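Architecture and fold: a report
For reference, the chains in residue letters:
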Protein chains: 2
Amino acid sequence: MTSSVAKTRMVTLASRPDGEPGPENFDVVTAPVPELRDGQLLVRNIYMSVDPAMRGRMETTEKHYTTNFTVGDPLDGSAVGEVIASTLPAVAVGSHVRHRLGWREHAVVDAATATPVDPSTAALPDWLGILGQTGFTAYVGLTRAGRLAKGDTVFVSAAAGAVGSAAGQFARLLGADRVIGSAGGPKKARFLVDELGFDAGIDYRDDLSAGLDAAAPAGIDLYFDNVGGEHLVAALYALRERGRVALCGMISDMRDRDSSPAISHLIQATLKRLTIQGFIVRDHEDLRAEFEATVSAWLREGKVRSQATVSTGIENAPDAFLSMLTGGNVGKALVQLSEESA
Amino acid sequence: MTSSVAKTRMVTLASRPDGEPGPENFDVVTAPVPELRDGQLLVRNIYMSVDPAMRGRMETTEKHYTTNFTVGDPLDGSAVGEVIASTLPAVAVGSHVRHRLGWREHAVVDAATATPVDPSTAALPDWLGILGQTGFTAYVGLTRAGRLAKGDTVFVSAAAGAVGSAAGQFARLLGADRVIGSAGGPKKARFLVDELGFDAGIDYRDDLSAGLDAAAPAGIDLYFDNVGGEHLVAALYALRERGRVALCGMISDMRDRDSSPAISHLIQATLKRLTIQGFIVRDHEDLRAEFEATVSAWLREGKVRSQATVSTGIENAPDAFLSMLTGGNVGKALVQLSEESA
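Rules used throughout
- Residues numbered from 1 in each chain as written.
- Chains lettered and ligands numbered in written order.
- Predicted model: local features only at pLDDT ≥ 70, side-chain atom pairs only at ≥ 80, totals over all residues.
- Heavy atoms only, no water.
- Helix = DSSP H or I, 4+ residues; strand = E, 2+ residues; numbered from the N terminus.
- Polar contact = N/O pair within 3.5 Å; in protein donor to acceptor, adjacent residues only side chain to side chain.
- Contact = heavy atoms within 4.5 Å.
- Core = buried A, V, L, I, M, F, W, Y, C linked by side-chain atoms within 4.5 Å.
- Buried < 20%, exposed > 50% of the residue type's maximum accessible area, 1.4 Å probe, protein only.
- Salt bridge = Lys/Arg side-chain N within 4 Å of Asp/Glu carboxyl O.
- Expected span 1.5 Å × (residues − 1).
- Buried area = accessible area lost by both parts, 1.4 Å probe.
- Domains from an automatic or database assignment.
- 1 Å grid on protein atoms, 1.4 Å probe; cavity = no way out; pocket = protein on both sides within 12 Å on 5 of 7 lines; lining within 4 Å.
- Points joined across faces, edges and corners; volume = space filled by probe spheres on them.
- Pairing = 2+ DSSP bridges.
- Axes fitted to C-alpha atoms, helices over the stretch in contact; angles between N-to-C directions.
- Parallel < 35°, antiparallel > 145°, perpendicular 65-115°, else oblique.
- Least-squares fit on C-alpha atoms with pLDDT ≥ 70 in both.

**Some points on the side chain of Asn25 of chain A**
Residue and element names in this part refer to chain A. Here Asn25 lies in the loop between strand S1 (7-13) and strand S2 (26-32). A polar contact of 2.8 Å, which involves the side chain of Asn25, links it to the backbone nitrogen of Gly22. Leaving out residues up to four positions away in the same chain, Asn25 has contacts with Thr12, Leu13, Ala14, Ser15, Arg16, Pro17, Glu20 and Met58.

**Here we look at the nonpolar core**
In this structure, Phe155 of chain A together with Phe155 of chain B are the most contacted members of the largest nonpolar core, which totals 50 residues. Those residues within four positions of Phe155 of chain B in sequence are excluded, and the remaining contacts are Ile180, Gly181, Ser182, Ile202, Leu208, Leu212, Ile220, Leu222, Tyr223, Phe224, His231 and Ala235 of chain B.

**Regarding unusual backbone geometry**
Residue and element names in this part refer to chain A. A positive phi angle, close to 45°, is found at Arg147, a residue other than glycine. Within the secondary structure layout, Arg147 lies in the loop between helix H3 (133-145) and strand S8 (153-156). Using a relative accessible area of 44% as the deciding quantity, one classes Arg147 as partly exposed.

**Considering the pattern of salt bridges**
In total, this model carries 36 salt bridges over all chains according to the counting rule given. Note that Arg57 of chain A is salt-bridged to Asp76 of chain A, the shortest N-O span being 3.0 Å. Note that Arg57 of chain A is positioned in helix H1 (residues 53-58) and Asp76 of chain A in the loop between H1 and strand S4 (79-86), a separation of 19 residues in sequence. Comparing Arg57 of chain A with Asp76 of chain A, the two get one shared label, buried. If you follow the salt bridges from partner to partner, you end up with Glu241, Arg242 and Arg273 of chain A together with Asp283 of chain B in one network.

**Overview of helix H10 (residues 288-300) of chain A**
Residues and elements named next belong to chain A. For H10, with 13 residues, the first-to-last C-alpha span of 18 Å sits near the 18 Å given by 1.5 Å per residue. Along H10, the positions that sit buried rather than exposed are Arg288, Phe291, Val295, Ser296, Ala297, Trp298 and Leu299. Turning to H10, the residues buried within the fold contact strand S5 (96-99), helix H2 (124-128), H3 and helix H4 (162-173). Just downstream of H10 lies Gly302, where phi reads positive at about 70°.

**With respect to the interface of chain B and chain A**
How big an interface is tends to be stated in terms of the accessible area lost upon association of its parts. Taken together, the contact between chain B and chain A spans 38 residues of the former and 38 residues of the latter. For the pair chain B and chain A, the two sides together bury roughly 3300 Å², of which 61% comes from carbon and sulfur. Where chain B packs against chain A, one counts 4 salt bridges. Elements supplying a minimum of two residues to the side of chain B that touches chain A: helix H7 (229-238), strand S12 (239-247), helix H8 (251-255), helix H9 (267-271) and strand S13 (275-278) of chain B.

**Quick look at the environment of Gly327 of chain A**
All names here are of chain A. Within the secondary structure, Gly327 is located in the loop between helix H11 (317-325) and strand S15 (332-336). For Gly327, a relative accessible area of 31% gives the class partly exposed. Placed 97 residues apart in sequence, Gly327 and Glu230 show a C-alpha to C-alpha distance of 16 Å.

**Quick notes on the domain arrangement of chain A**
With domains assigned, chain A is organised as domain 1 (7-128 + 307-336) and domain 2 (133-282). Centre-to-centre, using C-alpha coordinates, domain 1 of chain A lies 28 Å away from domain 2 of chain A.

**Focus on empty space enclosed by the protein**
Residue and element names in this part refer to chain B. Summed over all chains, the structure comprises 2 cavities of 30 Å³ or more. Approximately 90 Å³ is the volume found for the largest cavity. Along the walls of the largest cavity sit 13 residues, with Gly129, Ile130, Ser306, Gln307 and Lys332 positioned nearest its centre. Listing elements by their share of the lining of the largest cavity, those giving two or more residues are helix H2 (124-128) and helix H4 (162-173).

**Thoughts on the sheet that holds S12 of chain B**
Pairing within the open sheet is mixed, and its 12 strands lie in the order S10(A)-S9(A)-S8(A)-S11(A)-S12(A)-S13(A)-S13(B)-S12(B)-S11(B)-S8(B)-S9(B)-S10(B). Strands at the two margins of the open sheet, each flanked by one partner only, are strand S10 (200-203) of chain A together with strand S10 (200-203) of chain B. When the angles between neighbouring strand axes are averaged without regard to direction, this sheet yields 15°. Its contacts with the sheet put helix H5 (residues 186-194) of chain A on strand S9 (178-183) and S10 of chain A, and the angle it makes with S10 of chain A is roughly 170°.

**What to know about the packing of helix H3 (residues 133-145) of chain B against helix H10 (residues 288-300) of chain B**
Residue and element names in this part refer to chain B. It is the contact of H3 with H10, at a shortest axis distance of 10 Å, that shows an interaxial angle of 105°. Between H3 and H10, the interaxial angle falls into the category roughly perpendicular. Contacts between H3 and H10 involve Gln133, Gly135, Phe136 and Tyr139 from the first element and Arg288, Glu290, Phe291, Thr294 and Val295 from the second.

**Considerations on the relation of the copies chain B and chain A**
The operation relating the pair of chain copies consists of a rotation about an axis and a translation along that axis. Mapping chain B onto chain A is achieved by rotating through 180° and translating by 0.1 Å along the same axis, at an RMSD of 0.0 Å. The two molecules are tied by a two-fold rotation axis, judged by turn and shift. Residues of chain B ranked by C-alpha distance from the rotation axis are headed by Ile263 of chain B, positioned 2.0 Å from it. Most of the interface of chain B is mirrored in chain A, where 100% of its interface residues again form contacts.

Written out as structure tokens, the structure is:
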């Protein structure tokens, strides 16, 4: 044990959103840092992740998604940081860990819930993005829920986003013949093709179905769904017989319940014997080692590009989250809470 | 070859339905019976099947469902009848066959597309119902698409219908712990429990979700979907984690596209890692022999009840079909076209 910190800044849930979340649902407060108990680490957080799944955890109505937040308590989420005090000889002060207590500048972490990360294997932001839960979600969704097969034509929605940009790149490297992504606006759509190697990028603000027909005239085999709504319906019509849908997120549908298209479009699933598979990444930890070995090799070989939109300062974390919900980010949305080298 | 018939009555597609089908979409016409060619049989049809899938085949918009009907041509569908002329020594005059050329009183059938049926194993109507495509659909949906497991709680919609009444009974015999069905009206709901051995029957005209909660307070594992719409949504909320949906029909959704609930309810599939599987029975012919052996044994042992609503006379076939679409039948809807013993 070396350094100790008396107080730290953190973000708490001020109130539950009534519909769309806003800045009023968050508070930035300063609170005491508890004493370390045996088995704990004090971590100076360097980057924290801003995730779409936070949205469901802020509400009360969706009961099945991990643990919901409590009003008045700090939020949490993935973070990487430097160990500045340790009760365990095996975890050196100065080493880096990934853990679940983001949304605060310093965290007291049970060592059992922290994973060592090596900044010489990949940059610290990558451990939260393409090598973290984000990349793992893409990998699990493609290989397990979506049962990606060599030669598939794959369509990814929200493809300029964190999970989507990983899913599209991974799909190609895992054997897809053709990879199509959708994103909001012509700039993001071009980015998919020019920077991430997609075969086609569709601006979903234009006619999505027409764009999909043009990009995949023979149809698609696998739809990696990050948004639900009109995207899901367009994909149901574009899917070939025995096609698959990996249901990951549904951001848009959580936002626009009233304007959601009809569930009757699922008749396509009967007509074409589609498989629609919901998945939650934490069910698939058995795949984690394979994922890290595979993707860190791709990173080293320059075969995948890691993208992030990085805000700075814990006071800007709520805005970073709200901006991500409306598509303000490209790639992984992160907040930098302190310098990489203190 | 013995008997020959010059002319026969048949039902043709007069026009495609614009929305709900009606009597105006059908014609009953008298047409010449062609001469038998080598390999053909002349069959006096005794029973013909009236199937929900006909509806999609009458429209032009749903392209993926087998072959659509042509305006002016006779309809077709499953039938059983007596061979009254045969070009093949292996198929005796006086024997019975099941084939695909219903909707006519006499059919010239390629022997390769006909299956012998034995009226001493099961009654002729059963060969079109619980031992026919109807029962096979229930069996495939439960075992393949729904991956029924021992101890499951199973919910079947349209459970007083042909496929539903078979699915509920089969589910129990295949190892389900608890079987719940929905049907239109208190009489049909009671019939499920009193006559078919369901654990609970829900009148869906009451509050469907409340009924499902009461009948399965701990949730369901498998939903066998015959109707889509509000039933599908209620089931999505009632399903347990890793639950399964076998998508069979969606009659109600084909009828009420405008009032269909929102596809955003599929967020439940992500939250609970559900699998939603469309299926088409003709993909699963490898299961046919197992199915016939299993279900004919259950019939012999009195373990399953075969239900049918039988109309009489080809002129009443369109009405039998239209009535089935609005729930006028209990069990399999059939039309008797001639006497069992001529």
